[in-house]
Amino acid sequence: QVQLVESGGGLVQPGGSLGLSCTASGKIFVIYTMGWYRQAPGKQRELVATLNNGGSTNYADSVKGRFTISRDNGKNTVHLQMNSLKPEDTAVYYCNVDIYSDWRRRDYWGQGTQVNVSS
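Because the structure is a prediction, the values reported are computed rather than measured.

**Q** Residues and numbers for the nonpolar core, please.
**A** If you look at the biggest cluster of nonpolar residues, it comprises 32 residues, and the most contacted ones within it are Trp36, Leu80, Met82, Tyr93 and Ile99. Where this core is concerned, the elements lending two or more residues are strand E1 (2-8), strand E3 (18-26), strand E4 (30-39), strand E5 (46-51), strand E7 (67-72), strand E8 (77-82), strand E9 (91-101) and strand E11 (113-117). It is E9 that provides the largest number of residues to this core, a total of five residues. Ignoring sequence-local partners within four residues, the contact set of Ile99 consists of Val2, Leu4, Ala24, Ile28, Val30, Ile31, Arg104, Arg105, Arg106 and Tyr108.

**Q** Just give me the short version of the packing of aromatic side chains, but keep the residues and values in it.
**A** Tallied over the entire structure, the rule returns three aromatic pairs. Considering the side-chain rings of Phe29 and Tyr100, the 5.9 Å spacing of their centres and the 45 degrees angle between planes classify their relative orientation as tilted. Note that Phe29 is positioned in the loop between E3 and E4 and Tyr100 in strand E9, a separation of 71 residues in sequence. Taking 5.2 Å as the distance between ring centres and 65 degrees as the angle between the ring planes, the aromatic pair formed by Tyr37 and Trp109 counts as edge-to-face. A residue pair is termed long-range when its members are at least 10 positions apart, and Tyr37 in strand E4 and Trp109 in strand E10 (residues 104-109) qualify at 72 residues. The ring of Tyr94 is capped by Arg45, whose NZ or CZ atom sits 3.8 Å from the centre of that ring.

**Q** Run through the pairing of E11, naming residues and quoting values.
**A** A one-sided burial pattern is seen for E11, the buried positions being Thr113, Val115 and Val117 and the unburied ones Gln114 and Asn116. Summarising the sheet, strand E2 (residues 10-12) and E11 pair through three bridges and their orientation is parallel. The partner of Leu11 across the bridge, within E11, is Asn116. Of the pairings in the sheet, the one linking E9 to E11 comprises three bridges and is antiparallel in character. Note that in E11 the partner of Tyr93 across the bridge is Thr113.

**Q** Go over the environment of Asp72 with me, naming the residues and quoting the values.
**A** With respect to the secondary-structure elements, Asp72 resides in strand E7. You can call Asp72 partly exposed: its relative accessible area is 29%. Separated by 24 residues in sequence, Asp72 and Asn96 have C-alpha atoms that sit 15 Å apart.

**Q** Describe the sheet that holds E8, and please don't skip the residues or the numbers.
**A** Two strands in a sheet stick together by hydrogen bonds in their backbones, pointing the same way (parallel) or opposite ways (antiparallel). Read from one edge of the open sheet, four strands run E1-E3-E8-E7, paired in antiparallel fashion. Strand pairing shows two members of the sheet lacking a second neighbour, E1 and E7, which therefore form its edges. The sheet shows a mean angle of 15 degrees between the axes of neighbouring strands, direction not considered.

**Q** So what's going on with a nonpolar patch on the surface? Residues and values would help.
**A** Among the surface-exposed residues, Phe29, Val30 and Trp103 lie close enough to one another that they form a single nonpolar patch of about 340 Å² accessible area. Relative to the assigned elements, Val30 resides in strand E4.

What counts as what
Counting starts from 1 at the beginning of each chain's written sequence and moves along it residue by residue. It should be noted that, the model being predicted, local features are given only for residues of pLDDT at least 70 and side-chain atom pairs only at 80 or more, the latter also being counted only at that level, while totals for whole chains, interfaces and linings use all residues. Calculated side-chain values reflect all of the structure's heavy atoms, with hydrogen atoms and water omitted. Buried Ala, Val, Leu, Ile, Met, Phe, Trp, Tyr and Cys residues form a nonpolar core when they are joined through side-chain atoms within 4.5 Å. Burial status follows relative accessibility: with a 1.4 Å probe on protein chains alone, a residue under 20% of its type maximum counts as buried, one over 50% as exposed, and anything between as partly exposed. Counting from the N terminus, the helices are the DSSP runs of H or I reaching at least four residues and the strands are the DSSP runs of E reaching at least two. Residues count as neighbours in contact if any of their non-hydrogen atoms are within 4.5 Å of one another. Side-chain rings of Phe, Tyr and Trp, where Trp is taken by its six-membered ring, are said to pair if the distance between their centres is within 6.5 Å; with planes under 30 degrees apart they count as stacked, over 60 as edge-to-face, and otherwise as tilted. Any Lys NZ or Arg CZ that is within 6 Å of a ring centre and within 35 degrees of that ring's normal is treated as a charge sitting over the ring. We call two strands paired when DSSP finds no fewer than two bridges between them. Between the N-to-C directions of two axes lies an angle of 0 to 180 degrees, each axis being a line fitted to C-alpha atoms and, for a helix, fitted only over the stretch in contact. Patch members must show over 30% relative accessible area and no salt bridge, and they are joined within 9 Å when carrying like charges or within 5 Å when they are nonpolar side chains of Val, Leu, Ile, Met, Phe, Trp or Tyr. For every accessible area listed, the method is Shrake-Rupley and the probe measures 1.4 Å; residues are considered covered only by the protein chains on display. What makes a salt bridge here is a side-chain nitrogen of Lys or Arg within 4 Å of a carboxyl oxygen of Asp or Glu, nothing more.

Printed below as a string of structure tokens:
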């Protein structure tokens, strides 16, 4: 059984910074791509950033230059550093990890963490 536990998030003023973390645990053989998605009220879930196990990153245009994704492979953890936050960044943020476990490969999702950007 694989579990993803997210931490971080909260309330921040526009222009501020927040960091999110997500740690995978359980019977994990290989972790491939790790990433973050978000869903604002009334909107579809969208990609924020991904980082594969080769070190390649992919960012949504809306966060390029402001957000940085990183991973600690020894701790099965992915981080998202969010700077220069804007009100439109307000959403529930979900980590997503592509994992080979129990002889099959599939995506796992975190429980979601709320980020509110407001003055």
